[in-house]
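Take a look at the letters that make up each chain.
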Amino acid sequence: MELTVKQMDPEEFTRQRQEVLAQWITGKDVDFEEAVVYHKNIPLSKVFAHKLEEGKRQGITFAQPRAGVALLHEHLELLQYLQDEGGADFLPTTIDSYTRQNRYTEAQAGIEESRAVGRSMLNGFPAVNHGVAACRQVVEKMQVPVQVRHGTPDARLLAEITLAGGFTAYEGGGISYNIPYAKDVSIESTIKYWQYVDRLVGLYEERGVSINREPFGPLTGTLVPPAISHAVAVIEGVLAVAQGVRSLTLGYGQCGNLLQDVAALHTLPVVAEEYLKKLGYSNFDLTTVFHQWMGGFPQDEAKAYGVISWGATVAALGKATKVIVKTPHEALGIPTKEANAAGIRTTKQILNMLKDQTLPMTKELALEEQMILRETRAILDKVLELGEGDIAVGAVRAFQAGVIDVPFAPSRFNAGKILPARDSQGAVRMLDFGNLPFDTEIKAFHQERIALRGRDEGRDPSFQMVIDDIYAIGKGMLVGRPRSKEAGLRWSAFEERGAMSGISQCEIK
Ligand code: 5AD
């Protein structure tokens, strides 16, 4: 099958479907026609896309946790708790790592072992092994919509089973579930796997069943320049809508600077709609999701609540439709249900208090928005040029050429040439542009902001800044400041500027 953005050939879909459903024994329980009827009986209050649209109309930001354990009864108990005690607006079912890698035999062993020891020995819910009927119990027992959340390069069987199982939303995409998660899987193959998933969703949509699709926005975390994650989000959005997806939620992960993050949230639907329309698609409902800090977390729970609160604040001020919530156990591993619910309650408190507030449009905010739009358009236009109008082909060629380049990605199909670094205010800029197709004006903007930081810190911009930024969060800071004595001599000049720009003393330690 040749790679193209165009809708999958029905014969090819049917051929693949037979293969996919045979990958594990539970595949035989998938009956599409029966699943359509099942979905039509799900009350609207539990349909993901419906609630998202309602929230969008009312300007509400919803809160959603991540959660998943090995055994069905424990998973039900966990989700019920997050709904009732955490007040989750949407629920997840986070899938375990074996299932993400299509290792169902090992997932089965994890289930058996969990039964034997009486606690979860998997880091998520192995939905393929549990099968369609178990998934339906998850959906039926909850009062709010439930989504599948994972990180799976080839998620075709998982989609068949969970969607037949009544889930009304499905996370992931051919780039966003490849580049940050896999080392050796080609982008061409994952785009094709995800076109199957999107086409499956399209088939449900054609039968009047609404399934929300959400590409994974944050990619590798907190140092991804917004234009890069936006470009990937738009490509995955186009790929999805081209297969018949209607309800599309595009994501962005918190970088840490208020203005840049709010500007990113404002511009994401703008640039997505612009390219979808330009490419001839009009039948879609677009919403946004903001991810609270996807980087390292403090072990101290009090400090973790600080990080969670900052994310909640930005989600509210940026008017995201939904925010994915972290927990005070983030630094430790899989959270207890109590810690998970506490993260949701913290988040919802802030969302409630800020729901009537907006950030005024200042010169600075407008500049951030303009820059993100210009950079994203530069990347996307080059992608379309490389693909001779076909965004699927263009995406593969763009990764090859480094026209899209995700920092710190494990994939060998990613160029890995760009270097991000924070400016003095913590906004993510670029120290090295690699092969990003930016004009001299865009480049000058980044260079200027990073030079200003260099001046503040009394050092030339270099790779050391990138390293310091990566380690900064471990020290409780956003920007990685040097500790050297020489730099210390210049603190007075920095303090002056810091005071002027609102950077507090404690950040300079
Ligand atoms: N339960 C709760 N959170 C989870 N995460 C991954 N698996 C689970 C799970 N089973 C969270 C991690 C991290 C994010 C990528 O997903 O803690 O925050």
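Notes on the structure follow. Everything numeric in this text was worked out from a predicted model, so none of it was measured. (Residues numbered from 1 in each chain as written. Predicted model: local features only at pLDDT ≥ 70, side-chain atom pairs only at ≥ 80, totals over all residues. Heavy atoms only, no water.)

**Comments concerning the overall build of the protein**
Point 1. Helices and strands together make up the secondary structure of the protein, namely 19 helices and 10 strands.
Point 2. Relative to its length of 509 residues, the protein is compact, with a C-alpha radius of gyration of 22 Å against a globular reference of 23 Å.
Point 3. For the protein, the spread of C-alpha atoms along the three principal axes comes to 70 × 50 × 40 Å.
Point 4. Relative to its full complement of 509 residues, the protein shows a buried share of 60%.
Point 5. Sequence-distant contacts, at least 24 apart, represent 75% of the contacts inside the protein between residues at least 6 apart.
Point 6. One finds the centroid of the 55 positive side-chain charges in the protein at a distance of 2 Å from the centroid of its 63 negative side-chain charges. (Helix = DSSP H or I, 4+ residues; strand = E, 2+ residues; numbered from the N terminus. Rg over C-alpha atoms; globule rule 2.2 N^0.38 Å. Buried < 20%, exposed > 50% of the residue type's maximum accessible area, 1.4 Å probe, protein only. Contact = heavy atoms within 4.5 Å. Lys, Arg positive; Asp, Glu negative; His and termini not counted. Charge placed at Lys NZ, Arg CZ, Asp CG, Glu CD.)

**Description of the packing of helix α6 (residues 104-117) against helix α7 (residues 127-141)**
Point 1. At a minimum axis distance of 10 Å, the contact between α6 and α7 shows a crossing angle of 75 degrees. In this view, α6 runs roughly perpendicular relative to α7, as classed from their interaxial angle. Where α6 approaches α7, its residues Tyr104, Ala107, Gln108 and Ile111 are matched on the opposing element by Val128, Asn129 and His130.
Point 2. Its residues placed into classes, the contact of α6 with α7 shows 4 nonpolar, 3 polar and no charged. (Axes fitted to C-alpha atoms, helices over the stretch in contact; angles between N-to-C directions. Parallel < 35°, antiparallel > 145°, perpendicular 65-115°, else oblique. Nonpolar A, V, L, I, M, F, W, Y, C, P; charged D, E, K, R; others polar.)

**Points about the pattern of salt bridges**
Point 1. Scanning the model with the defined rule gives 35 salt bridges in all.
Point 2. Ionic pairing is found between glutamate 33 and arginine 207, a salt bridge with its closest N-O pair at 2.8 Å. Taken together, the residues glutamate 33 in helix α2 (residues 32-40) and arginine 207 in the loop between α9 (187-206) and β5 (212-214) connect sequence positions 174 residues apart.
Point 3. Judged by relative accessible area, glutamate 33 falls into the partly exposed class, the value being 41%.
Point 4. A relative accessible area of 33% means that arginine 207 is categorised as partly exposed.
Point 5. Measuring nitrogen to oxygen at the nearest pair gives 2.7 Å for the salt bridge that ties glutamate 171 to arginine 149. One end of the pair, glutamate 171, is in strand β4 (residues 169-171); the other, arginine 149, is in strand β3 (residues 146-149), with 22 residues separating them in the sequence. (Salt bridge = Lys/Arg side-chain N within 4 Å of Asp/Glu carboxyl O.)

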